[in-house]
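Structural features, examined
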Amino acid sequence: MTQAPLDGTFRRAWQLLARNWVIIVPALVVGVITGAVLYLLDAYGAISVGSLDELNGGGPAAFTAFIGSIVAILVRIVGAIVSIAYTTGMAAAAWKRGSATLADGTAAFRADAGQIFIAMLLLFLLGLIAATFMDFTYYTTLLLYAIFVLYTMPAVIVGQRSGVDALVESFRIAGKNFWTTLGVVVLIGLIAAAGGIVAELVHDFPLLGQIVALVLMEAVVAYATLVVVGEYIALRPTLDRPAEDVPPPPAAS
């Protein structure tokens, strides 16, 4: 069975990122804003991970901390939705015409924020199930989870699917192109691990260390998004044709 080559997607994704560093910007901005909000909540003692028993016996202070924790969760969710929508929308534009702007991310956010939220909720529930059984399956459930949900967000934003339909489509694409998708997951994991090691090494450098580390990690996220979007565009037609007739990744303009 012939499947789409990965080297073309990874190479072209790097070329697109090199010409469109603006793809990194939304995640950086969102990361700084959400980090600042969470820092303030923590600084004022508004975040608590206490149990409900502690909440019941803790009086007004515990209730305030509980509300702060809910706010912190909502901040992370909203930040993730904005970051995913912008980054994926800009990645799709880059694959389509070779360039991307913040306007592409804005259009994706306005059009798909609600469905992204639904998809993220479904992904969270499935991830929770996969994590529950990971010790019994030697992490196989987590690997299968990563493989089969990989194309969910591109299916929402690029394919214009609903949150539920996007998850179903991701399962179908991954199932029909299992080894290709496994290769994507493994290679992205290796790249992310390497980026994390480098970011950790430069994090403690004076003055610019933390900034460089943050930019590096968001560059890895943007690159991974470009790869996944490129593979989604290339593999989506396989749902309607024989598995042996898989098109190559789309060429960047």
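Residues numbered from 1 in each chain as written. Predicted model: local features only at pLDDT ≥ 70, side-chain atom pairs only at ≥ 80, totals over all residues. Heavy atoms only, no water.

Helix and strand counts for the protein chain stand at 10 helices and 0 strands. Counting from the amino terminus, helix and strand elements in the protein chain follow one another as α-α-α-α-α-α-α-α-α-α. Evaluated residue by residue, the protein chain yields a buried proportion of 42% over its 253 residues. Pairs at least 24 residues apart make up 70% of the contacts formed inside the protein chain by residues separated by at least 6 positions. (Helix = DSSP H or I, 4+ residues; strand = E, 2+ residues; numbered from the N terminus. Buried < 20%, exposed > 50% of the residue type's maximum accessible area, 1.4 Å probe, protein only. Contact = heavy atoms within 4.5 Å.)

For the protein chain, the average pLDDT comes to 82, and 82% of its residues sit at 70 or higher. Mean pLDDT values over the elements of the protein chain span from 46, in helix α3 (residues 52-57), up to 95, in helix α8 (residues 163-176). Predicted confidence for residues 49-57 stays below pLDDT 50, and this span has 5 contacts to residues more than four positions away or in other chains. (pLDDT = per-residue confidence, 0-100.)

How two aromatic rings sit relative to each other is given by the distance of their centres and the angle of their planes. Following the criterion strictly, the structure yields 7 aromatic pairs and no others. Where Y86 meets F109, the ring centres are 6.2 Å apart and the plane angle is 35°; that geometry is what we call tilted. Here Y86 is found in helix α4 (residues 59-97), whereas its partner F109 is found in helix α5 (residues 102-132), with 23 residues between them in sequence. Of the residues examined, Y86 reaches a relative accessible area of 16% and is grouped as buried. (Phe/Tyr/Trp six-rings, centres within 6.5 Å; stacked < 30°, edge-to-face > 60°.)

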